[in-house]
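Examining the three-dimensional arrangement
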Amino acid sequence: MNAKKQNRNPALAFAHRRTRNLEFFSRTYPAIYNFYKNYQMTRAEVVISTAEDEVDLRVDGKSLYNGQARARAKQGVELFENTFSPGKKMPSLPPPWPGDYYHPRFAHMAVDNLTKLSPVTRESFTGYPIPNFYPLVVFQGVGLGYQIEQLVESGRVENAIVLEPDVEVFAASLLTTDWEKIYNAFQKSGQSLRFLIGAKHTEEGIWGALLENLLHFSPIFPIMNFFLNERGDPVMEQVARRLNREAVASLTVWGHYDDEVRQINNALHAFYNGIRTIPGRGSLESDVPVLIIGSGPSLDNRIEDIKSVRNRVVIVSAGTGLRVLLENDIYPDFHVELESDYLNYRVLSSYDRAKLKKVRIIAASQVCPLIWDLFGDQRLYFKKESPISGMFGSPDATISHGTPTCTNAALALCSQMGLRNIFLFGTDFGFADNKKHHAKQSIYMKSEDESLHAELSEGATKAFSNTKTFAVKGVRGNSVQTTPTYFTAKRSVEYLISLTNAGARTFNFSNCADGADIEGAKWLDSQAFLEIAEEFGSEKNRDRILATLFSENAKPVATDRIESQLKATEDSLKRLHSTISGLIKSKKLEGKKDITRVTSEISRYMEQELVKQDPSFYYMIRGAVRHFLYVGFAHTLAMENSREVTEFLKEWKTSFLDCFEQLPKHFHNVTHKEYKMDNDPWIYQSINDPE
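Since this is a predicted model, take the numbers as computed values, not measurements.

Moving on to the overall build of the chain. When helices and strands are counted, the chain shows 27 helices and 20 strands. Along the three orthogonal principal directions, the C-alpha set of the chain runs to about 90 × 60 × 50 Å. In the chain, buried positions account for 58% of the 691 residues. At a minimum sequence separation of 6, the contacts of the chain that also span at least 24 residues come to 74%. For the chain, the exposed area adds up to about 28,600 Å²; of that, 48% sits on carbon and sulfur atoms.

Spelled out as structure tokens, the structure:
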């Protein structure tokens, strides 16, 4: 059929457009093609409007555009471009400043030295001037696709995520939108177009899926990403506000090379010292109540509850919750540790040593190796999000989603071992009074080691000051103050609960802390908790669980493959330097669009290729890559003088590549030695100490 006939018959033109779109998706996005190749719309209908060259979309019988889809799209794009016009200042996550990377370690110092070369200062920064392009646009809703077509045709969109929760609406766009033409606008090196279709139309459903896609653009997100809410959807608006509000939390989970290599060094000591591993995941199937004890301020009000059920439940202390229990003559069945820093050993060794020897420990493999001998018996597990698990671990002894705090680790460990009835105590993740941020017997509030207590108190005063905290919903409907780390920990708990409850087995998660509200964990007062503990508590079953956890048949980590794994990591560091060097040197690097494209391409390599090829190495090195990209992208986008941009990018390129060229040698020097604790200075160093 010729073009004139198609123009006279819009229905035929729509059918032809759908056929061409499906052919395009079959070549480029096969998952979308497979879903829609035989799809028949039942709720959505594209309607030819009486107005010339206009159409409408009806969903569930309701008109979305009142017969003016094209005109509405034009108005929406004009409003977006006026709101985010070039030169306007965009408030966002600020660039890192000199001193923000303060650890006197190899890669940290390299990044910090780079921040000192920027002409942008903390005092002069007033926001990011929007450039004459959009580094990343999230199209929140497709509709008939006209807004996307019009904005993309301007040539100003560098990267885009197309988000449409309603599969019917996206099906309608196949009739009206030339998706191949849109795709072709993103074919320059460093550009990208991603689709997110069919996410559940709730804040939680969209937020998690969208965040996963946004991380492919780190650190363009969270610095300069734009949202275009096609239909003014209030759920989409909530998601955008939440992503912007929680931007700072995303940085806390990046990690850094210096910390990762120190953790590997710690783990190697544990392996060579024969610390044994936990039993297999799922081997502790039980409804016996498990009490996970943090050190939030509300723990003081629930100590008697814990004492009253002590012998019929499993008590697990997490991090600094241990001291509170010991000072109240409660010995946990085991203690969980996650942190790798030497400071953690200083904290634990300040407790009553005789009491510690009556406690068993289960810790992530990377903890300071001096810690193991403080306890009566020891088992280790592998943290999935650590390179150590991929390099040396086994799937059965690997625990996922147990970060960023010890409470997260304890919850992940217990639930993934098969313990189905979990109660959270002292897991406040917030506080009503900024001066009462921990339980009274916590080391932050009290200690026999006056020097250590003073050091921790000083740090806590800064971390929990009014300027560093923000309000979140409390369990009683009130507001409590939280910190970025606590907030990230709370979200991690909520995600783990959601993920666990999506499985086939039934779990119960209860919140017995009086701090922040935890979605998925029902809050219980003392009476409600004691009734459940009475019903499900069992000393016999508790003993069975502990006998399995600390079986004498447990095996240590095999050491025969360590050397080959370390050599493979060195080789991976060399290949990564070569890859990044090739990506940077092959491109012009003089302006803001240049650093945007380089950042996008390196990030896409990390998040789409490296993570699949070598996930353990990805977890080891992603932080160092992201922090260099963060400095380069943020400082460049903050500048307003093109000559300064060009000069700074030269310095950034040199610093980035020089650091990564030296990483293989640095890694070799750290990890190739005799693993004896009396002659390795690294295990006696904090991340705050010079190498």
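So, next bit.
Glancing now at the environment of valine 670. By the secondary structure assignment, valine 670 is in helix α27 (residues 642-671). Valine 670 sits in the buried class, given a relative accessible area of 5%. For valine 670 and valine 261, which are 409 residues apart along the polypeptide, the C-alpha to C-alpha distance reads 7.8 Å. Once residues within four sequence positions are removed from consideration, valine 670 is found in contact with Val261, Asn265, Tyr675 and Trp682.

So, on to the pairing of strand β14 (residues 377-383). Every other side chain in a regular strand lies on the same face of the sheet, so the side chains alternate between the two faces. Burial within β14 is extensive, with 7 of its 7 residues counted as buried. Here 5 bridges tie strand β13 (residues 360-364) to β14, and the two strands are oriented parallel to one another. The residue bridging isoleucine 362 from the neighbouring strand is arginine 379, located in β14. Alignment of β14 against strand β15 (residues 398-399), held across 2 bridges, turns out to be parallel. Among the inter-strand pairings, phenylalanine 382 is bridged to a residue of β15, identified as threonine 398. Of the crossover connections in this fold, the one passing from β14 over helix α18 (residues 387-392) to the parallel β15 is right-handed.

Turning to the sheet that holds strand β8 (residues 192-197), a few remarks are in order. The sheet built from 4 strands is open, its strands ordered β8-β7-β6-β9 with parallel pairing. Strand pairing shows two members of the sheet lacking a second neighbour, β8 and β9 (225-229), which therefore form its edges. Taking each pair of neighbouring strands and ignoring which way they run, the sheet shows an average axis angle of 15°. Inspection of the sheet shows strand β6 (residues 136-140) paired to β9 by 5 bridges, in the parallel sense. Bridge pairing in β9 links valine 138 to phenylalanine 227. Contacting β6, β7 (159-164) and β9, helix α6 (residues 146-153) runs over the sheet at an angle of about 165° to β6.

Assignment of secondary structure puts arginine 622 in helix α26 (residues 615-638). Those residues in contact with arginine 622 that lie beyond four places of it in its chain are Val253, Trp254 and Met606.

Our next topic: helix α20 (residues 450-463). Between its terminal C-alpha atoms α20 stretches 20 Å, which fits the 20 Å expected from 14 residues at 1.5 Å a residue. Buried residues of α20: Leu452, His453, Leu456 and Ala460, and no others. Down the axis of α20, the buried set is contained in an arc of 95°. They therefore lie on one face. Every exposed residue of α20 that faces more than 90 degrees away from the buried side is listed here: Glu450, Ser451, Thr461 and Lys462.

A full pass over the atoms with the stated rule returns 42 salt bridges. Lysine 89 serves as the salt-bridge partner of glutamate 640, at 3.4 Å between the closest nitrogen and oxygen. Remark: lysine 89 occurs in strand β4 (residues 89-90) and glutamate 640 occurs in the loop between α26 and α27; sequence separation between them is 551 residues. When its relative accessible area of 36% is taken as the criterion, lysine 89 is described as partly exposed. The residue glutamate 230 makes a salt bridge to arginine 231 at a minimum N-O spacing of 3.1 Å.

Per-residue pLDDT for the chain averages 93, and the proportion of residues at 70 or more is 98%. This stretch, residues 1-6, has a pLDDT under 50; its non-local contacts, to residues over four places away or in other chains, come to 4 contacts.

Below, the discussion takes up the sheet that holds strand β2 (residues 55-59). Ordered in space as β1-β2-β3, the 3 strands form an open sheet in which the pairing is antiparallel. Unpaired on one side and paired on the other, β1 (44-48) and β3 (62-63) mark the two borders of the sheet. Relative to β3, β2 runs antiparallel, the two being bridged by 2 bridges. In the sheet register, valine 59 faces β3, and the bridge partner there is lysine 62. In the packing of helix α7 (residues 167-176) onto the sheet, contacts are made with β1 and β2, and the angle to β1 comes to roughly 35°.

Attention shifts here to the state of the cysteines. Across all of its chains, the model carries 0 disulfides by this definition. Looking at cysteine 406, it has no disulfide partner, and the nearest cysteine sulfur is the one in cysteine 414, 13 Å off. The exposure class of cysteine 406 is buried, given its relative accessible area of 9%.

What counts as what
- Residues numbered from 1 in each chain as written.
- Predicted model: local features only at pLDDT ≥ 70, side-chain atom pairs only at ≥ 80, totals over all residues.
- Heavy atoms only, no water.
- Helix = DSSP H or I, 4+ residues; strand = E, 2+ residues; numbered from the N terminus.
- Buried < 20%, exposed > 50% of the residue type's maximum accessible area, 1.4 Å probe, protein only.
- Contact = heavy atoms within 4.5 Å.
- Areas by Shrake-Rupley, 256 points an atom, 1.4 Å probe, with all protein chains shown as cover.
- Pairing = 2+ DSSP bridges.
- Right-handed = clockwise from strand over helix to strand, strands pointing away.
- Axes fitted to C-alpha atoms, helices over the stretch in contact; angles between N-to-C directions.
- Expected span 1.5 Å × (residues − 1).
- Arc of directions from axis to C-beta.
- Salt bridge = Lys/Arg side-chain N within 4 Å of Asp/Glu carboxyl O.
- pLDDT = per-residue confidence, 0-100.
- Disulfide = S-S within 2.5 Å.

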